[in-house]
Amino acid sequence: MINIALDGPSGAGKSTVARRAAEIFDFVYIDTGAMFRSLALKALDTSVDIVSDHDAVVSMLNNTSLDICRKDGQQHMILDGVDVTGKIRTPEVSKAASDIAIIPAVREWVLKAERALARKYDCIMDGRDIGTCVLPNADVKIFLTASAEARAQRRHRELIEKGIDTSFDEVLSEMKYRDKQDCEREVSPLRMSEDAHLADTTELNLEESVDLVCSIIRKVIN
Ligand code: DC
């Protein structure tokens, strides 16, 4: 199997770029953030206190089934038999996903699922620790990033387009909160693997970002 690890902070454009590159190379795109988001959604919906009751989160995990299925080329998250894909992109779930992702038992649970998928598919897997921890032997590792302001601007635009009413400052401060927590957590923090290619998209539009990432992949796998 060919495995491509695409890591980077939130809002760097990983999911859009990975989806497009996966189409071009005919790989399966795997969005690992969606797994943390689905678990966070369940915790919110069942009033599990993610921040201060890690034992409750662990018992929730023991009673949770999470499947990924593909419909019309899109990844759908099936949580306890229900498709929750449309519910995991709110700012509330974004914050809760970052909070739940610091819990070691959650990371272990997700890690098993991620590795099983990588064994099954030629894939581009996007996340925070794919190159450093989940797939240390990935064929290609890319670290996709952009300045916090550029990332917040893109995310703000996306939320407004989806009809989610929020201010730029709110999005920027949520992004900084997540950057800090994702980079500073003890288990599998976000960092660039030494053998990763850096792709900085601050000055690039979407097409240019896709071209950059595809050219890195092409150079390595050809
Ligand atoms: O990529 P995203 O914004 O959908 O991810 C949501 C949160 O999940 C992110 O703030 C950190 C966490 N995450 C992680 O810790 N490790 C991953 N491989 C993917 C996401």
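Above: the structure in question.
Residues numbered from 1 in each chain as written. Predicted model: local features only at pLDDT ≥ 70, side-chain atom pairs only at ≥ 80, totals over all residues. Heavy atoms only, no water.

Draft legend 1. Just the sheet that holds strand 3 (residues 66-71), in detail. The strand order across the open sheet built from 3 strands is 3-4-5, with neighbouring strands paired in antiparallel fashion. Two strands close off the open sheet at either side, each with one partner strand: strand 3 and strand 5 (82-83). Along the sheet, helix 2 (residues 33-45) makes contact with strand 3 and strand 4 (74-79), crossing strand 4 at roughly 30°. (Pairing = 2+ DSSP bridges. Helix = DSSP H or I, 4+ residues; strand = E, 2+ residues; numbered from the N terminus. Contact = heavy atoms within 4.5 Å. Axes fitted to C-alpha atoms, helices over the stretch in contact; angles between N-to-C directions.)

Draft legend 2. How the structure looks around the packing of helix 7 (residues 148-161) against helix 8 (residues 168-184). Where helix 7 contacts helix 8, the two axes come as close as 9 Å, and the packing angle between them is 125°. Taken together, helix 7 and helix 8 sit at an angle that is classed as oblique. The handedness of the crossing between helix 7 and helix 8 comes out as right-handed. On helix 8, the residues touching Ala148, Glu149, Arg151, Ala152, Gln153, Arg155, His156 and Leu159 of helix 7 are Phe168, Val171, Leu172, Met175, Lys176, Arg178 and Asp179. Taken together, the residues of the contact of helix 7 with helix 8 break down into 7 nonpolar, 2 polar and 6 charged. (Parallel < 35°, antiparallel > 145°, perpendicular 65-115°, else oblique. Left-handed = near helix turned anticlockwise from the far one by under 90°. Nonpolar A, V, L, I, M, F, W, Y, C, P; charged D, E, K, R; others polar.)

Draft legend 3. Layout of the nonpolar core. Judged by nonpolar contacts, the single largest core of 37 residues is most densely connected at Leu39, Ile100, Val106 and Met125. Put simply, the parts of the chain that give this core at least two residues each are strand 2 (28-31), helix 2, helix 3 (54-62), strand 4, helix 4 (91-100), helix 5 (104-120), strand 6 (123-127) and helix 6 (130-134). For this core, the element with the highest residue contribution is helix 2, accounting for 7 residues. Apart from the residues within four sequence positions on either side, Ile100 is in contact with Phe36, Leu39, Ala40, Ala43, Ile50, Val57, Met60 and Val106. Judged by nonpolar contacts, the second largest core, of 20 residues, contains Ile4, Ala22, Ile142 and Val210. (Core = buried A, V, L, I, M, F, W, Y, C linked by side-chain atoms within 4.5 Å. Buried < 20%, exposed > 50% of the residue type's maximum accessible area, 1.4 Å probe, protein only.)

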